[in-house]
Amino acid sequence: MSKNAVRSMTAFSRCEASYDWGTLSWEIRSVNHRYLEPGLRLPDALRALEPTVRDNLRKQLSRGKVDCTLQLRLNTVANQALKINEQLLDQYLTAANLVNERIARLPTDAAPVAAVDLLFRPGVIEQNDLDNEQLNAAALKLFNQALTEHIAHREREGAELAGFILQRLNNIGEHVKQLKPMIPAIVQQQKDKLHARLAELKGELDSNRLEQEITLLAQRVDVDEELDRLNTHIAEVTRALKDGGSIGRRLDFLMQELNRETNTLSSKSISSDTTLIAVDMKVLIEQMREQVQNIE
């Protein structure tokens, strides 16, 4: 495990261990969630472990809906003599005799209580006592092993997500590089078109008004600030992925900022080339946003 690793919130792990008295098995499943939401299913004999398990989860994970299931299967030995709680059995027998006596007075016949039914009354057959401390220690040790494997799975998935995001991020960076030198030529082209159109009006417009219109046009299509901010956000996403840790919320915010700048870029577009590039960038950002939702 590494504190600098990018982790996915989607993962699964399962650990099982056998002992003289039986078998323990843990399953840990997690999916994406805004916060850490643990869900525990433990057998009654091990319910006391719940606070410790929750505490370990909080120390190791920061986000995700995490379902943890513990199963306990006790061994039954064929040649082991059954231990009967004779005092409890006597009480059941006394009650059964009383019931049979009352049934005998009724006009209809009824079958007497079978001995085997009494044997399987709660508590009549006693389980061999287990050392609770030993049982809890074994279950907790196995849980920590399952949690370690779960985190390793998260990190493997996280590495794949980081690679996916970086690939799209590099593509966006290439689009920004492509756009940067295109803008002055596009602005000049629009100015020339405006001059040519106004020249056809043969001086009907005031020259000062003409210069104002050209200046406003240049301001409307100037996207240098948007391109600079896109480069800044690209650098921040790259830095976050490198730093690792719990970065999901920060990446989600940065995706929103990337999308905001790209929308502005698209709204200022006056060229089919820049429009197509802006559309490609929006597609890449949306793909990244989908993957960021799974990052812890």
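What comes next concerns the included structure.

## Some remarks on the nonpolar core
Right, on to step 1. With 30 residues, the main nonpolar core has V237 and L258 as its most contacted residues.
Right, on to step 2. Within the residue set of this core, elements represented by two or more residues are α4 (132-179), α5 (182-199), α7 (224-243), α8 (248-267) and α9 (272-292).
Right, on to step 3. Ranked by residue count, the leading element in this core is α4, at seven residues.
Right, on to step 4. Setting aside anything within four residues of it in sequence, one finds L258 in contact with L169, L230, H233, I234, V237, I285 and M288.
Right, on to step 5. With 24 residues, the next largest nonpolar core counts L42, L49, L57 and A139 among its residues.

## Some points on α7
Right, on to step 1. Over its 20 residues, α7 runs 29 Å from end to end, which matches the ideal 28 Å to within 8%, given 1.5 Å per residue.
Right, on to step 2. When α7 is considered as a whole, its buried residues turn out to be E226, L227, L230, H233, I234, V237, A240 and L241. Buried residues in α7, looked at end-on, bunch into an arc of 145°, giving them a common side. Projecting away from the buried face of α7 at angles above 90 degrees are the exposed residues E225 and K242.
Right, on to step 3. Of the residues one or two after α7, G244 is the one with positive phi, at around 70°.

## Let's talk about the sheet that holds strand β4 (residues 64-74)
Right, on to step 1. Spatial ordering of the open sheet is given by β1-β2-β4-β3, a layout of four strands whose pairing is mixed. Here the strands that pair on one side only, and so sit at the sheet edges, are β1 (11-19) and β3 (36-41). Strand-to-strand twist across the sheet, computed as the mean angle between neighbouring axes with direction ignored, equals 10°.
Right, on to step 2. Across 10 bridges, strand β2 (residues 22-31) lies against β4 in antiparallel orientation. Residue pairing for β4: E27 is matched across the bridge by T69.
Right, on to step 3. In this fold helix α1 (residues 50-60) packs onto β2, β3 and β4, with an angle of close to 150° to the strand it touches most, β3.

Calculation notes
- Residues numbered from 1 in each chain as written.
- Predicted model: local features only at pLDDT ≥ 70, side-chain atom pairs only at ≥ 80, totals over all residues.
- Heavy atoms only, no water.
- Core = buried A, V, L, I, M, F, W, Y, C linked by side-chain atoms within 4.5 Å.
- Buried < 20%, exposed > 50% of the residue type's maximum accessible area, 1.4 Å probe, protein only.
- Helix = DSSP H or I, 4+ residues; strand = E, 2+ residues; numbered from the N terminus.
- Contact = heavy atoms within 4.5 Å.
- Expected span 1.5 Å × (residues − 1).
- Arc of directions from axis to C-beta.
- Pairing = 2+ DSSP bridges.
- Axes fitted to C-alpha atoms, helices over the stretch in contact; angles between N-to-C directions.

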